[in-house]
Amino acid sequence: MENIKEALEYAVDLGNNEEKVIKSQSKEYYDERKHQLVELDPKKYAKSIKLNTLTGLVEYIKSGRDELLKQNLTVHVVSPTEVKVFTELDEERSREVFIITQAELPTYRYARFHSLDEFNIQLQSVFVKNEDRDLLLEFASAVHVEKGATVSDNGINQSVTIKNGVSSLATGKAPNPVELKPYRTFLEVDQPESLFVFRLNDEPGCALFEADGGLWKHNALANIKEYLQDNLKELKNVEVIA
């Protein structure tokens with residue numbers, strides 16, 4: 001009896017390990033132990049081209065390479081730093097993503113205190129020049145905290161000792177809030193301006209906290225969409241969405 005049981009188990013195991021080909025809707029699939037179906041000859045999609053600028057994206061589409069202009073294309077503004085170009089749905093309800101464009105941007109760590117020197121450098125290299133940036137730069141450059149001194153803070157406004165002339169000192173209020181334009185989206189479009197809360201600590205150190213609830217992202221998407229629509233408007237087969 002035990003030998004018969006072992007023989008049956010062996011036969012079942014052999015059956016389960018058979019390579020089976022299943023036909024479905026004129027296509028052939030390989031069934032590996034019935035766990036999943038893998039198409040034997042799947043449709044080949046082109047590997048997405050990776051770009052870093054909107055200018056490069058526009059130039060590539062207009063070049064007509066890879067027969068891009070012979071089909072309907074959708075340019076999707078995914079985020080302030082990413083745009084994708086894909087085709088219409090095919091017979092299998094799939095889309096081919098031709099181009100992925102991701103912006104390369106300088107970085108700034110918000111909600112973190114930076115030394116005065118580091119903060120001054122970041123203001124000049126990561127933020128677009130505007131009135132509040134220059135005001136903040138001037139204030140941060142003049143901050144002077146003597147040993148044992150503290151920064152006066154009422155929860156909204158802060159006061160600190162600042163240099164006033166060559167050797168004299170005075171008390172000045174930190175500008176707050178400030179409207180700044182960090183580099184946060186593609187450089188070809190206008191950088192969204194938004195509110196930031198500026199804070200000091202006793203080190204002294206400076207920090208910026210975002211205070212617009214993420215509204216800048218919607219403005220960035222609109223700016224990117226407008227740029228692409230303006231530069232691709234003569235192409236009737238291209239639609240830009242955000």
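Residues numbered from 1 in each chain as written. Predicted model: local features only at pLDDT ≥ 70, side-chain atom pairs only at ≥ 80, totals over all residues. Heavy atoms only, no water.

*Asks:* Can you lay out the nonpolar core for me, pointing to particular residues and giving the numbers?
*Replies:* Core analysis: the biggest nonpolar cluster contains 24 residues, and Leu54, Leu57, Ile61, Val75, Val83 and Leu228 have the highest contact counts within it. Contributions of two or more residues to this core are made by helix H2 (54-63), strand S5 (73-79), strand S6 (82-87), strand S7 (97-102), helix H5 (215-232) and strand S15 (238-241). Counting residues in each nonpolar core, the second largest holds 18 residues, with Phe127, Leu136, Val143 and Cys206 among its members. (Core = buried A, V, L, I, M, F, W, Y, C linked by side-chain atoms within 4.5 Å. Buried < 20%, exposed > 50% of the residue type's maximum accessible area, 1.4 Å probe, protein only. Helix = DSSP H or I, 4+ residues; strand = E, 2+ residues; numbered from the N terminus.)

*Asks:* Residues and numbers for the pairing of S15, please.
*Replies:* Residues of S15 alternate between two faces, with Val238 and Val240 buried on one and Glu239 and Ile241 left unburied on the opposite face. Pairing analysis gives four bridges linking S5 to S15, with the strands arranged parallel. Looking at S15, one finds that Val75 is bridged to Val240. (Pairing = 2+ DSSP bridges.)

*Asks:* Lay out the sheet that holds S5 in plain terms, naming residues and giving numbers.
*Replies:* With respect to topology, five strands assemble into an open sheet ordered S4-S7-S6-S5-S15, the strand pairing being mixed. The sheet is open, and its two edges are formed by strand S4 (49-51) and S15, each paired on a single side. Recorded for the sheet is a direction-independent mean angle of 20° between the axes of neighbouring strands. Where S5 and S6 come together, six bridges link them in antiparallel fashion. Pairing of Thr74 across the sheet is with Phe86, part of S6. Packed onto the sheet, H2 meets S4, S5, S6, S7 and S15 and runs at close to 160° relative to S7. The strands that H5 touches are S5, S6 and S15; relative to S5, the one it contacts most, it runs at about 155°. (Axes fitted to C-alpha atoms, helices over the stretch in contact; angles between N-to-C directions. Contact = heavy atoms within 4.5 Å.)

*Asks:* Give me the lowdown on the pairing of S6, citing residues and values where you can.
*Replies:* Burial analysis of S6 places five of its six residues in the buried class, the great majority of the element. Where S6 meets S7, five bridges bridge the pair, whose relative direction is antiparallel. Bridging across to S7, Lys84 finds its partner in Ile100.

*Asks:* An account of helix H3 (residues 116-126) is needed here, citing residue identities and associated values.
*Replies:* Within H3, burial applies to Leu116, Phe119, Asn120, Gln122, Leu123 and Val126. One side of H3 holds all its buried residues, which, seen down the axis, span an arc of 165°. Those residues of H3 that are exposed and angled more than 90 degrees off the buried face are Asp117, Ile121 and Gln124. Tucked inside the fold, the buried residues of H3 contact strand S8 (114-115), helix H4 (131-142), strand S13 (194-201) and strand S14 (205-210). (Arc of directions from axis to C-beta.)

*Asks:* Got a sec to walk through the sheet that holds S13? Specific residues and values, please.
*Replies:* Spatially, S8-S14-S13-S12 is the arrangement adopted by the four strands of the open sheet, whose pairing is antiparallel. This sheet does not close on itself; its edge strands, each paired only once, are S8 and strand S12 (178-180). Of the strands in this sheet, S12, S13 and S14 touch H4, which is tilted by about 115° from S12.

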